[in-house]
Amino acid sequence: MCLRSGSWVTRAVVPITTVPHKAPALPEGPWLFAPGEPPRPPRAPSGPPRAVLFDRDGTLVEDVPYNGDPALVRLMPHAREALAAVRAHGAAVGVVSNQSGVARGLLTRGQVEAVRWRVEELLGPFGVWAVCPHGPGDGCGCRKPAPGLVLAACARLGVVPEETVVIGDIGADLGAARAAGARGVLVPTPVTRSEEADAAPERAADLLAAVRLALGHRASGPDRLPPEGSLPPGEDRPSDGGGAA
């Protein structure tokens, strides 16, 4: 009871009734908790990758700015051997490429596809091509270094990013890999900035060495910084193809 305005008011206490529910089935044996250890996040899958995704321009083929002409496609050194090694390992292969020439009005979808078919004539089929047609200011989620291309390619191939390696020639390629949760390997070229090479967690001297590194084999040659003549920080890349597009 409580006193309110000179009179006593009785408040009834309503008992709380617990509604019984069926407990979930429990495994046999005790629950074991390690003393003093906080919960740990799930570990990423270990072992060789199930998929390798390649940047196009400057990685698989020579970097020709805004190229829509299949006749201008030229393979980078060791591209055939690198793809053969991945396929022999049993991993899926795909391409992740920025092509802002579309947004700039310099390329059509048909031209991008024509170059794609020429690359496949030279290197064999890829399980997926993930291409961003947007420009730098469009605010999309697929343009590298955003993770969209890598995530879309992984979904199409039926793998998770943690089982995937992305190989490219500039920091945006590795940034996309990192943002998606994949592993990234840098293969420096003359357009690779020195700070990008320095920041790369893994890098290789050429494409075949990068694939061997990705598959868990020792690289065929020592890592190296970009060749002399690399662009200084802040200067635009000459190409807007697979990496810098």
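Residues numbered from 1 in each chain as written. Predicted model: local features only at pLDDT ≥ 70, side-chain atom pairs only at ≥ 80, totals over all residues. Heavy atoms only, no water.

**Describing the confidence of the model for the chain**
Turning to step 1, where the next piece is worked out: Within the chain, residue pLDDT values average 79, and 69% of them lie at 70 or more.
Turning to step 2, where the next piece is worked out: Across residues 218–239 the pLDDT falls below 50, and counting only partners more than four positions away or on other chains, this stretch makes 47 contacts in the model. (pLDDT = per-residue confidence, 0-100. Contact = heavy atoms within 4.5 Å.)

**Topic: the sheet that holds strand β7 (residues 183–186)**
Turning to step 1, where the next piece is worked out: The strand order across the open sheet built from 5 strands is β5-β4-β3-β6-β7, with neighbouring strands paired in parallel fashion. Because the sheet does not close on itself, it has two edges, and the strands there are β5 (128–132) and β7. With direction set aside, neighbouring strand axes in the sheet form an average angle of 20 degrees.
Turning to step 2, where the next piece is worked out: As paired strands, strand β3 (residues 51–54) and strand β6 (residues 164–168) are joined by 4 bridges and run parallel to one another. Paired with Phe 54 across the bridge in β6 is Ile 167.
Turning to step 3, where the next piece is worked out: The strands touched by helix α1 (residues 79–89) within the sheet are β3 and β4 (92–98), with β4 carrying the most contacts at an inclination of about 135 degrees. (Pairing = 2+ DSSP bridges. Helix = DSSP H or I, 4+ residues; strand = E, 2+ residues; numbered from the N terminus. Axes fitted to C-alpha atoms, helices over the stretch in contact; angles between N-to-C directions.)

**Brief notes about the packing of α1 against helix α6 (residues 207–214)**
Turning to step 1, where the next piece is worked out: In the contact formed by α1 and α6, the axes pass within 8 Å of each other and the chain directions differ by 15 degrees. As far as their axial angle goes, α6 and α1 are roughly parallel. Relative to α6, α1 is oriented so that their crossing is right-handed. Along the contact surface, α1 presents Ala 79, Glu 81, Ala 82, Ala 85 and Val 86, while α6 presents Leu 207, Leu 208 and Val 211.
Turning to step 2, where the next piece is worked out: Grouping the amino acids of the contact of α1 with α6 by side-chain chemistry returns 7 nonpolar, no polar and 1 charged. (Parallel < 35°, antiparallel > 145°, perpendicular 65-115°, else oblique. Left-handed = near helix turned anticlockwise from the far one by under 90°. Nonpolar A, V, L, I, M, F, W, Y, C, P; charged D, E, K, R; others polar.)

**Describing the pattern of salt bridges**
Turning to step 1, where the next piece is worked out: According to the stated counting rule, one finds 7 salt bridges in the structure shown.
Turning to step 2, where the next piece is worked out: Here Glu 121 ties to Arg 118 by a salt bridge, and the two come within 2.9 Å at their closest N and O atoms. A residue pair is termed a helical-turn pair when its members lie 3 or 4 positions apart in one helix, as Glu 121 and Arg 118 do in helix α2 (residues 109–123) at 3 residues.
Turning to step 3, where the next piece is worked out: When its relative accessible area of 59% is taken as the criterion, Glu 121 is described as exposed.
Turning to step 4, where the next piece is worked out: Classification of Arg 118 as partly exposed rests on a relative accessible area of 29%.
Turning to step 5, where the next piece is worked out: Residues Arg 183 and Glu 202 are paired through a salt bridge, measuring 2.7 Å at the closest nitrogen-oxygen approach. With a gap of 19 residues between them, Arg 183 in strand β7 and Glu 202 in the loop between α5 (194–199) and α6 connect regions that are remote in the sequence.
Turning to step 6, where the next piece is worked out: Among the ionic contacts, a cluster of salt bridges with common partners joins Asp 55, Lys 144 and Asp 173. (Salt bridge = Lys/Arg side-chain N within 4 Å of Asp/Glu carboxyl O. Buried < 20%, exposed > 50% of the residue type's maximum accessible area, 1.4 Å probe, protein only.)

**What about the nonpolar core?**
Turning to step 1, where the next piece is worked out: Of all hydrophobic cores here, the largest spans 31 residues; its most connected members are Phe 54, Leu 60, Val 119, Leu 123, Phe 126 and Ile 167.
Turning to step 2, where the next piece is worked out: Looking at this core, the elements with two or more residues in it are β3, α1, β4, α2, β6 and α6.
Turning to step 3, where the next piece is worked out: Ranked by residue count, the leading element in this core is α6, at 6 residues.
Turning to step 4, where the next piece is worked out: The residues contacting Leu 123, other than those within four sequence positions of it, are Leu 60, Leu 75, Ala 79, Arg 80, Leu 83 and Arg 87.
Turning to step 5, where the next piece is worked out: Judged by nonpolar contacts, the second largest core, of 18 residues, contains Cys 142, Ala 153, Val 166 and Ala 180. (Core = buried A, V, L, I, M, F, W, Y, C linked by side-chain atoms within 4.5 Å.)

**Some words on the packing of aromatic side chains**
Turning to step 1, where the next piece is worked out: All chains considered together, the criterion is met by 1 aromatic pair.
Turning to step 2, where the next piece is worked out: With 5.7 Å between their ring centres and 80 degrees between their planes, Phe 126 and Trp 129 make a pair best called edge-to-face.
Turning to step 3, where the next piece is worked out: Classification of Phe 126 by relative accessible area gives buried; the value is 9%.
Turning to step 4, where the next piece is worked out: Residue classification places Trp 129 among the buried residues on the basis of a relative accessible area of 16%.
Turning to step 5, where the next piece is worked out: Over the ring of Phe 126 we find Arg 87, and its NZ or CZ is 5.5 Å from the ring centre.
Turning to step 6, where the next piece is worked out: The ring centre of Trp 117 lies 4.2 Å from the NZ or CZ of Arg 116, which sits over that ring. (Phe/Tyr/Trp six-rings, centres within 6.5 Å; stacked < 30°, edge-to-face > 60°. Lys NZ or Arg CZ within 6 Å of the ring centre and 35° of its normal.)

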